[in-house]
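# Overview (structure and organization)
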Amino acid sequence: NAGVTQTPKFQVLKTGQSMTLQCAQDMNHEYMSWYRQDPGMGLRLIHYSVGAGITDQGEVPNGYNVSRSTTEDFPLRLLSAAPSQTSVYFCASSADRIATGELFFGEGSRLTVL
Amino acid sequence: SQKIEQNSEALNIQEGKTATLTCNYTNYSPAYLQWYRQDPGRGPVFLLLIRENEKEKRKERLKVTFDTTLKQSLFHITASQPADSATYLCARTGTASKLTFGTGTRLQVTL
C-alpha cells in the first residue's frame, strides 16, 4: 500500500497564480483532510471531507477550494496564491469518519509564493 | 475556542532517561487525545490514542496518561534513545471530524 500520496513535493508560485495540490489515498478511507503547518502555529485544518461529495471548512479555509468526487482523491486548489499561503501542506486520511481514530498523513507539499 | 498547548521549548535529555512531554487543553475535555511523532521534512506519524475514560495507555516504551481534572495529558518515553529525537504533537478531537493539533514539542536525546 502506498498510503497517502501528495504531489508535488515542492512548488514555487508567483502571487496571483493558481494551482492544485493533489492528494490520493489507497486505503478506502472515508475521511480526508488538508492541514497547513507554519512555524510556531502547528497544524491548522483547512478543509475536510467525510466522504465522496461531502466537504466542509476547517479553521483556515479562505483562499482554498476542495472537492471530493471519488473516495480516493481530495485535491486542494489555491485560487489566487498569496505570500501568506507559503507553507507546508499535509493531506491526511482516516478510516473513522469523525476523525477519532488514527490519521494517516502524506509526506507534505512545500509551497512558496513569491 | 478549544485550544491545545504544548511546551514550545525543546526538551533535551540524556539517553536512557525517561522523557516526559506535556499537553494541556482548555474548555471541555475532549473525548480522545492523540499523540503523533514528526521527523524533519516528514508527515506526522500516529503513536497512541487515549480516551477520556482511560487514565493510562501503553505501547512498548511509550506511555500516555489523561487527567481530566488537570486538563492534561502526559506522554512518556522510557529508556529514551537518540532515535527518539523528533517533534511530538498532541491532538484533540473537537466537534465532529475536526482534530486540533498543538504546536509540538521537540525532543532531543543525547548520548
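Preceding block: the structure.
For the structure given in this document, a descriptive report is provided here. Note that the coordinates shown come from a computational prediction; the quantities given were computed from them, not determined experimentally.

The rules we used
Residues numbered from 1 in each chain as written. Chains lettered and ligands numbered in written order. Predicted model: local features only at pLDDT ≥ 70, side-chain atom pairs only at ≥ 80, totals over all residues. Heavy atoms only, no water. Helix = DSSP H or I, 4+ residues; strand = E, 2+ residues; numbered from the N terminus. Polar contact = N/O pair within 3.5 Å; in protein donor to acceptor, adjacent residues only side chain to side chain. Contact = heavy atoms within 4.5 Å. Disulfide = S-S within 2.5 Å. Core = buried A, V, L, I, M, F, W, Y, C linked by side-chain atoms within 4.5 Å. Buried < 20%, exposed > 50% of the residue type's maximum accessible area, 1.4 Å probe, protein only.

### Considering the side chain of Ser49(A)
Residues and elements named next belong to chain A. Positionally, Ser49 belongs in strand β5 (residues 42-51). Within polar-contact distance, the side chain of Ser49 engages the side chain of Arg68 at 2.7 Å. In contact with Ser49, not counting residues within four places along its chain, are Glu30, Tyr31, Met32, Ile54, Thr55, Arg68 and Phe74.

### Quick word on the state of the cysteines
Linking two cysteines covalently through their sulfur atoms gives a disulfide. Residues and elements named next belong to chain B. With the rule as written, the count across this model stands at two disulfides over all chains. Bridging Cys23 to Cys90, the disulfide has an S-S length of 2.0 Å. An S-S torsion of about -70° defines the bridge between Cys23 and Cys90 as left-handed. You can see Cys23 sitting in strand β3 (residues 19-25) and its partner Cys90 sitting in strand β9 (residues 86-93), a full 67 residues away along the chain.

### Some details on the nonpolar core
Grouped together as the largest cluster of nonpolar side chains are 21 residues, with contacts concentrated most on Leu33(B), Trp35(B), Phe75(B), Ile77(B), Tyr88(B) and Leu107(B). Secondary structure elements with two or more residues in this core: β3, β4 (32-38), β5 (45-51), β7 (62-67), β8 (72-77), β9 and β11 (105-110) of chain B. Considering every element that reaches this core, the biggest residue donor is β3(B), with four residues. Within the second largest apolar cluster, 19 residues are counted, among which are Met19(A), Leu76(A), Leu78(A) and Cys91(A).

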